[in-house]
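Architecture at a glance
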Amino acid sequence: MGGIVASSPAATGREKTVNKLALRSTICAQIDAIRRAGPQSVKSGAELLNPTAHNSCMDLTLNPNPAVRAPEVLTPLRVPNPRDPESLRRWLTTVGGAPAEALAQLDAWLLALRASPVPADLTLELLEAWRPVHVAAADTLAKSMGQLIFPMPLETWRVMTRLLQSLERAQAAFRDVYVQLTEVSGAATHMVIPGTAHALRSVTPLARAMDYAARSLRLRMTARIHIPEDDWGKFAVMAQHLRISSFLDTALPGTPVLVKDNTARGLFVYPLLLRLADTYGLRSDRMIQVDRMARRWAGKVGFRIDEDGRLHDNPHGPTVVINDRVSVRLDTHRLERRLREVIEGQTPIATGVVGSGVRTQRSGTDPVAAAEMMPLWCGRALPKRWVPSDHGAVGMRFGLPPPAQTSAEPATDIALNPGAASMAYVYGRFEHNTIMRMVLGNNSEAKVDPVAQYLDQGDGGTWVLSSGSDAWVERFSAQSLGLGQIVAMRSIKRPDLPFRLGQLAAMEQITPAHGENLRKQTLRIKLWPSDARLVGLRLADESFFTDCFELQNDPVLGPTLITAPARVRSASMAALRLPEDDLRIELGEVVERGPGWQRMKYRMIGN
């Protein structure tokens, strides 16, 4: 806050007046600059007075690099007097335009309110009028980003950062009002009686803060953004205060509504259900179904908060360990009944009367999604125990090997023969640059590692944690990824370890680093239990070998091939090229599929 003119004790009356005017002019200019800069410039009125103040919640989560700032809002932001409810209501009817601009205007008003000495009662009245418009603008902005890809492009990340910061400011504003009202009245939450004016006055601000916290948690989980344990801890603290207020199951006044029953219980349980569902590993279509069920039935779940962070035995449902200080035991027996009704097709909704009967229709909830959520929401399965991995740096590559460039030489009689796979094959006759061909060269005894040739064109990462067949890998990359993709990886530190294949099972992004468009990623990879190797495959009616993968020693399925689905069919004759030999094989049934790949059985039919 440099540049403020302070009057000295020896100054004349005229000098004092000039200094006061200069001080007032400087403060007004700074506040006006803050409004023009948009919501990313400050987070609360306290930061206006103390520019070194630190927002521990958002800075731990989404504090962007100086180079990754949201673009400035060029439209002048004129906001009404923050102390006048009538002017605020008139102004709210004029807020509109692009979603980002509307949210910037609403944030500018909130900053002005937080910088003004407004009594707590009046602040609550103003915030209650402002909240519906703000929530609607935030929801519209979230929807305008459309289908999110991973990792987010820079521009989308900027919009997401601005949106999350706006939700955090609103949460802090209501939380501060709750603290002020409690201090003024001298009443604690355990003294609140539901249904009284005192209940509305003392508890509603905290419930609004929880609503904003739940929206922020949901947005980050569905956008695959990492959430620090500290944010979950603050969320649990708000739930503890509301639980002892006897206000937990009282419907909250006003709109918009995040959960169906619009209670503090539902607001707290809803993000916990999303967390148990592991949204970082859900496809977008499944995530929509899970989110719908969680919103509908969160209010039917009981909970108990334990202040020890331990995984308590819970016969009534799962236990969520928030951090090393807090855990939550859920009672989901009523939720289990609803899920069973969906699975068994017993969830009709009355839509009218036909004769003496009731015409019904299905609720629209997917029975498959309900069946997948049953063990996660109602079971007692313990979370995986992750242990540090000693693999260290790994070479990684996503997807199948790309198709080779074929020779321009005219086809021979062998190439035209549909039974060519049963004939002896001459190395190098038909293909020029498959990985296996480049490895072998003109001499079958060449000692070149085909896996190293393949992984050299991919990205690296660090294998940090393991749990059974699952691996957690950290990396920095701008490469677009999707769930279910094939992942090939091998330890760089220990090249003697087997080459492994897996599927991308979950992914989350953390913060920008190493340049504007690179963010730290944490990927969970579900590895197949058998060792892998790179092989060549040529179908009977094809002239060229194509690189693919073989899983060698699966204890249940035996050897299998992972190939592109469009070109390989079962019951096909083919030639399988290994580093040491060619084999005649017959392709069998498809046992597993994913995006751009399929896994097939095969059997050898002789030399």
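Note that the coordinates shown come from a computational prediction; the quantities given were computed from them, not determined experimentally.

Reading the values: rules and limits
- Residues numbered from 1 in each chain as written.
- Predicted model: local features only at pLDDT ≥ 70, side-chain atom pairs only at ≥ 80, totals over all residues.
- Heavy atoms only, no water.
- Helix = DSSP H or I, 4+ residues; strand = E, 2+ residues; numbered from the N terminus.
- Buried < 20%, exposed > 50% of the residue type's maximum accessible area, 1.4 Å probe, protein only.
- Contact = heavy atoms within 4.5 Å.
- Areas by Shrake-Rupley, 256 points an atom, 1.4 Å probe, with all protein chains shown as cover.
- pLDDT = per-residue confidence, 0-100.
- Pairing = 2+ DSSP bridges.
- Axes fitted to C-alpha atoms, helices over the stretch in contact; angles between N-to-C directions.
- Expected span 1.5 Å × (residues − 1).
- Arc of directions from axis to C-beta.
- Core = buried A, V, L, I, M, F, W, Y, C linked by side-chain atoms within 4.5 Å.
- Parallel < 35°, antiparallel > 145°, perpendicular 65-115°, else oblique.
- Left-handed = near helix turned anticlockwise from the far one by under 90°.
- Nonpolar A, V, L, I, M, F, W, Y, C, P; charged D, E, K, R; others polar.
- Salt bridge = Lys/Arg side-chain N within 4 Å of Asp/Glu carboxyl O.
- Phe/Tyr/Trp six-rings, centres within 6.5 Å; stacked < 30°, edge-to-face > 60°.
- Lys NZ or Arg CZ within 6 Å of the ring centre and 35° of its normal.

What about the overall build of the protein chain?
Looking only at helices and strands, one finds 16 helices and 17 strands in the protein chain. Scored against the burial criterion, the 607 residues of the protein chain give a buried share of 49%. Taking the intrachain contacts of the protein chain between residues at least 6 apart in sequence as the baseline, contacts between residues at least 24 apart amount to 67%. With an accessible surface of roughly 28,200 Å², the protein chain has 54% of that area assigned to carbon and sulfur atoms.

Re the confidence of the model for the protein chain
When pLDDT is averaged along the protein chain, the result is 78; 73% of the residues meet or exceed 70. A low-confidence stretch, residues 1-76 stays under pLDDT 50, and its non-local contacts, those more than four residues away or across chains, total 97 contacts. Note that pLDDT drops below 50 for residues 442-446; the model gives that stretch 4 contacts with residues more than four away or on any other chain.

Considering the sheet that holds strand 2 (residues 319-321)
The strands making up a sheet are joined through hydrogen bonds of the backbone, oriented either antiparallel or parallel. In space, the 3 strands of this open sheet follow the order 1-3-2, with antiparallel pairing throughout. Every other strand in the sheet has two partners, leaving strand 1 (302-306) and strand 2 as the edge strands with one partner each. Direction aside, the axes of adjacent strands within the sheet are offset by 20° on average. Examined bridge by bridge, strand 2 and strand 3 (residues 327-331) share 3 bridges and lie antiparallel to one another. Counterpart to Thr 319 in the pairing with strand 3 is Arg 329. Sitting on the sheet, helix 10 (residues 264-276) touches strand 1, strand 2 and strand 3, and the angle it makes with strand 1 is about 80°.

A short note on helix 13 (residues 367-378)
Every α-helical turn comprises 3.6 residues, leaving residues that sit three or four positions apart pointing alike. With 12 residues, helix 13 should cover 16 Å at 1.5 Å per step; its first-to-last C-alpha distance of 15 Å lies within 8% of that length. For helix 13, the full list of buried residues reads Ala 369, Ala 370, Met 373, Met 374, Trp 377 and Cys 378. On an axial view of helix 13, the arc spanned by its buried residues comes to 150°, and they lie on one face. Close packing links the buried residues of helix 13 with helix 10, helix 11 (284-297) and helix 12 (333-343).

Considerations on the nonpolar core
Trp 109, Phe 268 and Trp 377 are the most contacted members of the largest nonpolar core, which has 98 residues in total. Residues in contact with Trp 109, not counting those within four places in the same chain, are Val 79, Pro 80, Pro 82, Leu 88, Trp 91, Leu 126, Leu 127 and Trp 130. Met 396, Met 507, Leu 523 and Ile 525 belong to the second largest nonpolar core, which has 16 residues in total.

Brief notes about the sheet that holds strand 13 (residues 546-551)
Sheet architecture is closed into a barrel: 6 strands sit in the order 12-13-14-17-16-15, paired in antiparallel fashion. The average angle at which neighbouring strand axes cross in this sheet is 45°, direction not considered. With 7 bridges joining them, strand 16 (residues 582-594) and strand 17 (residues 597-604) adopt antiparallel strand pairing. Within strand 17, the position partnered with Val 590 by the bridge is Met 600.

So, helix 12
Those residues of helix 12 lying buried are Leu 335, Arg 338, Leu 339 and Val 342. Along helix 12, the residues classed as buried sweep out an arc of 100° about the axis, all on the same side. Looking one or two residues past helix 12, Gly 345 carries a phi angle of roughly 75°, positive in sign.

Focus on the packing of helix 10 against helix 11
One way to put it is that helix 10 packs onto helix 11 with a least axis distance of 9 Å and a crossing angle of 150°. Classified by the angle their axes make, helix 10 and helix 11 are roughly antiparallel. Between helix 10 and helix 11 lies a crossing of right-handed hand. Residue-level inspection shows Tyr 270, Leu 273 and Leu 274 of helix 10 in contact with helix 11, the latter providing Val 290, Asp 291, Ala 294 and Arg 295. Of the residues that constitute the contact of helix 10 with helix 11, the class distribution is 5 nonpolar, no polar and 2 charged.

Focus on the pattern of salt bridges
Oppositely charged side chains are able to pair whenever their charged atoms sit close together. The full count for this structure, using the stated rule, is 31 salt bridges. Residues Asp 324 and Arg 325 are paired through a salt bridge, measuring 3.2 Å at the closest nitrogen-oxygen approach. On the basis of relative accessible area, Arg 325 is assigned to the partly exposed category, the value being 48%. The network of salt bridges with shared partners includes Glu 86, Arg 89 and Glu 125.

What about the pairing of strand 13?
Most of strand 13 sits inside the fold, with 6 of its 6 residues counted as buried. Side chains Thr 546, Cys 548 and Glu 550 of strand 13 all project onto a buried face; the interleaved residues Asp 547, Phe 549 and Leu 551 project onto the opposite face, where all are buried too. Direction of pairing for strand 12 (residues 532-539) relative to strand 13: antiparallel, over a ladder of 6 bridges. Directly across from Leu 534, in strand 13, lies its bridge partner Phe 549.

Digging into the packing of aromatic side chains
For the coordinates displayed, the defined rule picks out 9 aromatic pairs. With a centroid separation of 6.1 Å and an interplanar angle of 25°, the aromatic rings of Phe 174 and Tyr 212 are classed as stacked. You can see Phe 174 sitting in helix 7 (residues 154-185) and its partner Tyr 212 sitting in helix 8 (residues 197-222), a full 38 residues away along the chain. Judged by centre distance (5.5 Å) and plane angle (75°), the ring pair of Tyr 454 and Phe 549 falls under edge-to-face. One end of the pair, Tyr 454, is in helix 16 (residues 450-455); the other, Phe 549, is in strand 13, with 95 residues separating them in the sequence. Across this residue pair, the class does not change: Tyr 454 and Phe 549 are buried. Counting every residue linked through ring pairs, the aromatic cluster contains Trp 232, Phe 235, Phe 268 and Phe 303. Residue placement shows Arg 243 over the ring face of Phe 303; its charged tip is 4.8 Å from the ring centre.

Side note on the environment of Ala 264
By the secondary structure assignment, Ala 264 is in helix 10. In this structure Ala 264 comes out as buried when scored by relative accessible area, which is 1%. Placed 15 residues apart in sequence, Ala 264 and Asp 249 show a C-alpha to C-alpha distance of 6.4 Å. The contact partners of Ala 264, leaving out residues within four places of it in the chain, are Met 210, Leu 242, Leu 248 and Leu 252.

Concerning the pairing of strand 8 (residues 470-477)
Burial within strand 8 is extensive, with 6 of its 8 residues counted as buried. Of the strand pairs in this sheet, strand 7 (residues 459-467) and strand 8 are connected by 5 bridges, and their pairing is antiparallel. Across the sheet, the residue bridging to Ser 466 is Ala 471, located in strand 8. Counted between consecutive antiparallel strands, the loop separating strand 7 from strand 8 contains 2 residues, among which Gly 468 sits at a positive phi close to 65°.

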